Structures are given as C-alpha cells and as structure tokens.
Amino acid sequence: MALLNFKKRDAVETKPVNPAVEAFLRGYSIEVMPRTAEKVENFRDLLPEGTRVYIAHIEGTPIEDMVATARRLAKEGYPVMPHFPARIIKDAATLENWIAMYQGEAGVEQGLLLAGGVSEPHGAFDCSMQMMETGLFDKAGFKRLHVAGHPEGNRDIDPDGSSKNVDDALRWKQAFSERTDAEMALATQFAFEAKPIIAWANALKDAGITLPIHIGIAGPAKLQTLIKFAIACGVGPSLKVLQKRAMDVSKLLLPYEPTDVVTELAEYKAAHPDFNITNVHFFPLGGIKTNATWAINNGGESTRPANAS
C-alpha cells in the first residue's frame, strides 16, 4: 500500500488493500457544498494533499458563499473546481463576474460546467455548451473544464428515454475539446452497478468520444439516504441494486458502501489499461468524513502523478 501523505487517524483500519482498487482510487476527487464544508474543522484531517474538491452550487446559494468556500479550500492546499450551473446564471456578464470572483479570491482555474438542477433557465443559458461558446473560460485562462456525463441517460435531456440529445451534446463537447487548449473530462452522475457503466464507457469510445471519464460514485451512506438522493438525481436502472438490498432485512439497517461497484470497475481497469474511466469522483452523501475514511481504508490517496488526467 502506498504511503499516504497525511497523518493517519485512529479510525483508519489497517487491512489488506486490493492493488487494483488502490490504483483505481489514485487521484480521486470529492464534492462539497458550503453548508457541509462549514462542518469540517480542517480538511487536512480528512483529505490527502492534492485532492481535487468540487464545490456543488445548489440553487439559492449566494455566490459569495461559494467563493468563500473556494477560498478556504485553496488556502488549505486543495485545487478547487466549482460548479457553473448554466440555468441559474442570468447572463454572460454574471458568468464573467463569477469567474473573476473565483479567480481573484481563490485562484480558481478549473470548473465543472453543467446545465444545473432546475427545469427552467433563469436567464440566457440553458446548457453548458452555451457557456462554453461565450469564450469567457478561455479568456480567463481556465486550464481545465469538466462537463457532465450520464451513464444511465438523463430523462431531463431525453424525455423519451433515448440517449439522442445526450449523445449529440457529447459529440459537440468532443469537438470543442479538439479545438481548445483546455483539458477536458466527463464527470458523471453516480450509479451503483459496474457492468452497465463499463458498457456505456466502451460505447462512448467506440463512437469516437475519447474524453477521459471521472466516474461518479456515491460514498458510504444509510440506505434510505442513498435511495432518496438516487431518485431525486434521476439515477436509472442501477437503482435496483439499492432496492434489492432494501428487501434484505439483514442488510436494511447496514450502511451502504461502494466496495462492490468500485472493485469491479477497478479490476476491469486493471485488465484493460486503456479503459477510458481514468478517475473516481465521490459524492459524499453520507458525510465527507465517512467517505474520506472509506477511501483511505481502501488504499485511496489523491496526489496526482504528473500524467494524471
């Protein structure tokens, strides 16, 4: 097991680590919100140096709170990737102001661009592509842009259950990546079953979508909590993994851990080194500390090698 670059806590178990999982977790990222970040006294107690921290922007959160969280994380030594949700950004001037605030206060040079969790746009933007077309991220010198991926489709984008609109958007984003200097990747919605994720990733590659995939994984949490979030976030067929578990009385009260899905993905990656899932992105639905401890116990450390995507 690789040495972690921060002090281990007593809560961290010492147990054999699956080498494939350890390798797969290298360079993982994690998501926080201002209100959850406030509960963490010191992120250095939980996350290894170099962990990329996404800041989720929920509708109604003042931009000042988002920027303050970014500033704090940057001061503690973490590369920050804030969300830019198109449908809650009024116009290009507002977007430019957000970018300037993040850069001026926290030195941010990367962002996750997505439509956002509201059905109707609040202003000029309906999707991430419209924000990208403004040229504002390029003008500001952003070095990395992540965009959304949907391993199980997205009913908001394709109400008919197909993947036509999602696929069209991915082809546009692939083309954009080929004409820009920004490093790009897909950061996906979380899912609970490995085989469909593998099939989806391979199908993208076969279709010429070569953007690296940072696969969304729900961190350890109570089963009821996960089911609630999964339904709210539109998780597709893999929700049956949780529903099946909920029917097993012996497991109903036990917290869910992502060990099975991560292990299967990791072992596939070990057997297929050119597999286009390159990183894990955690949604800490059961709490940041709980998720971070699980990652450490399973060999996860986030300092990126020089060639990390």
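Residues numbered from 1 in each chain as written. Predicted model: local features only at pLDDT ≥ 70, side-chain atom pairs only at ≥ 80, totals over all residues. Heavy atoms only, no water.

Draft legend 1. Fine view of the pairing of strand β3 (residues 80–85). Of all six residues making up β3, six are buried, and the element is well covered by its neighbours. Residues V80, P82 and F84 of β3 are buried on one face, and the alternating residues M81, H83 and P85, pointing to the opposite face, are buried as well. Bridging between strand β2 (residues 52–55) and β3 involves three bridges; their strand directions are parallel. Note that in β3 the partner of V53 across the bridge is V80. Pairing of β3 with strand β4 (residues 110–114) involves three bridges; the strand directions are parallel. Bridge pairing in β4 links F84 to L113. (Buried < 20%, exposed > 50% of the residue type's maximum accessible area, 1.4 Å probe, protein only. Helix = DSSP H or I, 4+ residues; strand = E, 2+ residues; numbered from the N terminus. Pairing = 2+ DSSP bridges.)

Draft legend 2. Representation of the sheet that holds β4 within the structure. A barrel is described by the order of its strands in space; here eight strands give the closed sequence β1-β2-β3-β4-β5-β6-β7-β8, paired in parallel fashion. Across the sheet, the axes of successive neighbouring strands diverge by a mean angle of 30 degrees, strand direction being ignored. Where strand β6 (residues 183–190) and strand β7 (residues 213–218) come together, three bridges link them in parallel fashion. Pairing of L186 across the sheet is with I213, part of β7. The sheet strands contacting helix α8 (residues 194–206) are β5 (144–149), β6, β7 and β8 (277–283), and the helix crosses β7 at an angle near 165 degrees. (Axes fitted to C-alpha atoms, helices over the stretch in contact; angles between N-to-C directions. Contact = heavy atoms within 4.5 Å.)

Draft legend 3. Region of the structure containing helix α13 (residues 288–297). Most of α13 sits out of view: eight of its ten residues are buried. Taken as a whole, α13 has its buried residues at I288, N291, A292, T293, W294, A295, I296 and N297. Taken together, the buried residues of α13 touch α1 (19–25), β1 (29–32), α2 (34–37), α12 (259–271) and β8. Following α13 by one or two positions, G299 adopts a phi angle in the positive range, close to 95 degrees.

Draft legend 4. Structural context of the pattern of salt bridges. Going through the model one piece at a time under the given rule, you end up with nine salt bridges. A salt bridge links R171 to D168, with the shortest nitrogen-to-oxygen separation between them at 2.4 Å. On the criterion of helical spacing, the pair formed by R171 and D168 is a turn pair, its members being three residues apart in helix α7 (residues 164–178). On the basis of relative accessibility, which here comes to 46%, the residue R171 falls in the partly exposed class. Linking K195 and E264 is a salt bridge whose minimum nitrogen-to-oxygen distance equals 2.8 Å. With K195 in helix α8 and E264 in helix α12, this residue pair connects regions lying 69 residues apart in the sequence. For E264, a relative accessible area of 30% puts it in the partly exposed group. (Salt bridge = Lys/Arg side-chain N within 4 Å of Asp/Glu carboxyl O.)

Draft legend 5. Expanded view of the packing of aromatic side chains. The full count for this structure, using the stated rule, is eleven aromatic pairs. With 5.1 Å between their ring centres and 85 degrees between their planes, F84 and F137 make a pair best called edge-to-face. Of the two residues, F84 sits in strand β3 while F137 sits in helix α6 (residues 136–139), which places them 53 residues apart along the sequence. Summarising the burial analysis for this pair, F84 and F137 share the class buried. Each ring, one from F137 and one from F142, has its centre 5.3 Å from the other, and the planes form 70 degrees; the classification is edge-to-face. Aromatic ring contacts, followed pair by pair, group F84, Y102, F137 and F142 into a single cluster. Stacked on the ring of W172, the Lys or Arg R179 has its end atom at 5.4 Å from the ring centre. (Phe/Tyr/Trp six-rings, centres within 6.5 Å; stacked < 30°, edge-to-face > 60°. Lys NZ or Arg CZ within 6 Å of the ring centre and 35° of its normal.)

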